[in-house]
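Close look at the chain arrangement
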There are 2 protein chains.
Amino acid sequence: MSDRHSTLRTQRRVQTQRAIQAHAVRLFTERGYDATTVTDVAEAAGVSPMTVYRHFPTKEDLVLVDQNGRLVAERIVASAGTRPLVRRIGRALADSAAALTGDGGDDPTAGRGFLLARLRLMISTPALRARHLDNHYALQQAIVDALGDEAADPEAAFRAKVAAGACLAALHTALVRWAEEDGRTELPGVITKALAAAFGDDMADPSGDAGTPDTGRGPSGDTGRR
Amino acid sequence: MSDRHSTLRTQRRVQTQRAIQAHAVRLFTERGYDATTVTDVAEAAGVSPMTVYRHFPTKEDLVLVDQNGRLVAERIVASAGTRPLVRRIGRALADSAAALTGDGGDDPTAGRGFLLARLRLMISTPALRARHLDNHYALQQAIVDALGDEAADPEAAFRAKVAAGACLAALHTALVRWAEEDGRTELPGVITKALAAAFGDDMADPSGDAGTPDTGRGPSGDTGRR
DNA sequence: TACCAACTTGGTAGTCACTACCATGGTGGT
DNA sequence: ACCACCATGGTAGTGACTACCAAGTTGGTA
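Residues numbered from 1 in each chain as written. Chains lettered and ligands numbered in written order. Predicted model: local features only at pLDDT ≥ 70, side-chain atom pairs only at ≥ 80, totals over all residues. Heavy atoms only, no water.

1. Looking at the protein's contact with DNA strand C
The condition is simple: One heavy atom within 4 Å of a molecule or strand makes the whole residue count as near it. Under this definition, polar contacts are N or O atom pairs within 3.5 Å; protein pairs additionally need one hydrogen-donor-capable and one acceptor-capable atom, and for neighbouring residues in sequence, both atoms have to be side-chain atoms. Runs of H or I in DSSP of at least four residues are treated as helices and runs of E of at least two as strands, each being numbered from the N terminus. Ten residue types, Ala, Val, Leu, Ile, Met, Phe, Trp, Tyr, Cys and Pro, are classed as nonpolar, four, Asp, Glu, Lys and Arg, as charged, and the remainder, Gly among them, as polar.
Taken together, 21 residues lie near DNA strand C, and Arg9(A), Lys59(A), Thr51(B), Arg54(B) and His55(B) sit nearest. Each atom of DNA strand C within 4 Å of the protein was classed as base or backbone; sugar and phosphate made up 66%. Measuring from a phosphate oxygen of DNA strand C, one finds a backbone N or O atom of Lys59(A) at 2.6 Å. The element best represented in the surface near DNA strand C is helix α3 (residues 49–55) of chain B, accounting for four residues. Residue composition of the surface near DNA strand C, by class: seven nonpolar, eight polar and six charged.

2. Structural notes on the UniProt feature "DNA-binding region" (unreviewed entry) in chain A
For the record, the criterion: UniProt positions are given in the numbering used here, feature names are shortened, and annotations may be inferred rather than shown by experiment.
Within the UniProt annotation, "DNA-binding region" (unreviewed entry) is assigned to residues 37–56 of chain A. Summarising residues 37–56 of chain A: 75% helix, 0% strand, and an end-to-end C-alpha distance of 14 Å.

3. Some remarks on the packing of aromatic side chains
The test is simple: Two rings from Phe, Tyr or Trp (for Trp, the six-membered ring) form a pair when their centres are within 6.5 Å of each other. A pair whose planes differ by under 30 degrees is stacked, one over 60 is edge-to-face, and the rest are tilted. Partly exposed describes any residue whose relative accessible area lies between the buried limit of under 20% and the exposed limit of over 50%, with all areas from a 1.4 Å probe on protein chains only and scaled to the type maximum. Throughout this description, the term charge over a ring refers to an Arg CZ or Lys NZ atom that lies within 6 Å of the ring centre and within 35 degrees of the ring normal.
A full pass over the atoms with the stated rule returns three aromatic pairs over all chains. Geometrically, the ring pair formed by Phe28(B) and Tyr33(B) is edge-to-face, given 4.8 Å between the ring centres and 65 degrees between the ring planes. By the burial criterion, Phe28(B) is buried, and Tyr33(B) matches it. Across from the ring centre of Tyr33(A), 4.4 Å away, lies the NZ or CZ of Lys59(A), which sits over that ring. For Arg177(B), the ring lying beneath its charged end belongs to Phe158(A), and the centroid distance is 4.7 Å.

4. Observations concerning the packing of helix α8 (residues 154–180) of chain B against helix α9 (residues 187–199) of chain B
When two helices pack together, their arrangement is given by the angle between the helix axes and the distance between those axes. Residues and elements named next belong to chain B. For clarity, the threshold we go by: Between N-to-C directions, angles cover 0 to 180 degrees, with each direction set by a line fitted to C-alpha atoms, over the stretch in contact for helices. Each angle is binned into one of four classes, with values under 35 degrees roughly parallel, values over 145 roughly antiparallel, values of 65 to 115 roughly perpendicular, and all other values oblique. By definition, any crossing whose near helix is turned counterclockwise from its far helix by less than a right angle is left-handed, and any crossing with a clockwise turn is right-handed. What makes two residues a contact is simply this: any of their non-hydrogen atoms within 4.5 Å.
Direction vectors running N to C along α8 and α9 enclose 130 degrees, while the axes themselves pass 8 Å from each other. Taken as axis vectors, α8 and α9 run oblique relative to one another. At the point where α8 passes α9, the crossing takes the right-handed sense. Of the residues in α9, those touching α8 at Ala166, Cys167, Ala170, Leu171, Ala174, Leu175, Arg177 and Trp178 are Leu187, Val190, Ile191, Lys193, Ala194, Leu195 and Phe199. Taken together, the residues of the contact of α8 with α9 sort by class into 13 nonpolar, no polar and two charged.

5. A word on the relation of the copies chain B and chain A
Selection criterion: Least squares is the method used to superpose the copies, on C-alpha atoms of residues holding a pLDDT of at least 70 in both.
Mapping chain B onto chain A calls for a rotation angle of 180 degrees and an axial translation of 0.0 Å; the resulting RMSD is 0.0 Å. Such values leave the two copies arranged in the relation of a two-fold axis.

6. A few points about the packing of helix α4 (residues 69–78) of chain B against helix α7 (residues 126–147) of chain B
All names here are of chain B. One way to put it is that α4 packs onto α7 with a least axis distance of 9 Å and a crossing angle of 35 degrees. In the packing of α4 onto α7, the handedness of the crossing is right-handed. Between α4 and α7, the residues in contact are Gly69, Val72, Ala73, Ile76 and Val77 and Leu139, Ala142, Ile143, Ala146 and Leu147, respectively. Its residues placed into classes, the contact of α4 with α7 shows nine nonpolar, one polar and no charged.

7. Let's talk about the pattern of salt bridges
Test applied: The term salt bridge refers to a pairing of a side-chain nitrogen on Lys or Arg with a carboxyl oxygen on Asp or Glu at a separation within 4 Å.
All told, the structure shown has 24 salt bridges over all chains when counted by the stated rule. Close ionic contact of Arg26(B) with Glu30(B) constitutes a salt bridge, the shortest N to O distance being 3.4 Å. Residue Arg26(B) and its partner Glu30(B) are located together in helix α1 (residues 7–31), separated by four residues, close to a single helical turn. Classification of Glu30(B) as exposed rests on a relative accessible area of 53%. In this structure, Asp182(B) engages Arg120(B) in a salt bridge whose closest nitrogen and oxygen atoms are separated by 2.8 Å. Here Asp182(B) is found in the loop between α8 and α9, whereas its partner Arg120(B) is found in helix α6 (residues 112–124), with 62 residues between them in sequence. Of the residues examined, Asp182(B) reaches a relative accessible area of 40% and is grouped as partly exposed. Judged by relative accessible area, Arg120(B) falls into the partly exposed class, the value being 37%. Because the salt bridges share partners, they merge into one network encompassing Glu155(A), Arg177(B), Glu181(B) and Lys193(B).

Below, the structure is given as structure tokens:
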């Protein structure tokens, strides 16, 4: 029904949503997450606290808003079937990361700089860090679900879940490192190094471009943001 | 200074602490975590809400209270130096898990049953799950710190962090599986299986007893609980 | 025994995240 | 011009959590 009802309404909706999030991350960075109230964010964005809660169910969601899960899952499904799991999953993660570090155009809630600011908050603030890790846990289950018939019996599903969890842990450590380096290095490269450290150096795929990306642009021109 | 001041005071303190936690986990299991207020827990334990907050800084800590981090770190340091990191860390995790699944004697907040109840809550309740994962993240850093001079330069520290994170992710998946099986299987065995699924079957150490433990008792008689 | 210090507990009031419930005004289609 | 929809705003309330302070108890000491 009413597919994208009218662009004007949803456009405004997305616009205020982005404005709220941009002001939120800015204020959180300036004053600290705990020292900033939702009312502060609302005032900065020129809306009422109610509107903030309408767009972001919790204060933490003002920073998190990870919806690249489907992106990763689709990449894994797309990758052909017989290679080891950790390799397929790791490759999908590195490729998706490349797509996220491109510039976001006129969107203030996209691009490398904003991702860095969000990551710094996620790392330094316990509540955000915890929920970010829980998002990774949800992504872990999404990956297993995406494998579908490949992880049919419980034993295979368990192994897939372990592989996905271990890969995501490596990803998280790589993200932390990347943020500590202020994003100066290329994120996909850091991820690949982390995967190699966890599962052996044979993870560095000689037939791919994930290890030494050209400009940081993802394999697809789309940024993956809605 | 005043080392264990007098046993009577600390004994009472530990006693009320255990009582509060036991009632908390019971109520959370019966009524649900979100549907149970801290005041409910306080009333059930026969104390004031203030006292609950004195002993447990947050409502989540009523379920979490993980203090086996040092246990794991010490085991890793104790293990000799040249074997691959994931193997040393994994072994330490499996061994520590064995110590946790023993019976807790008269302590209602120890033993397999209570651990299972806590785990079920941690898995099903988003807030608890998130904070549990964050505890694992803290343990990850503790492991790296424990390695000390073995992870001196940043690159080695990064690899160690990745290894620890991946091992802990495997541990978490194993814990979930163990809880789903209602603790019928032996926890160290599940952990070993998870590590093998993540890092290859050569993780199953033929020279140890971690894969097929005798009775579930840990290698040391002490339960590790204070 | 009398006294003091430390510790544990309890109460009150307040902040803040978050959630109903309802009112209003602008948007888009008919 | 009418109406359905939707985004926004207000009010009141719950619950976690945090000061700030009061009271009783315990342990050691003069």
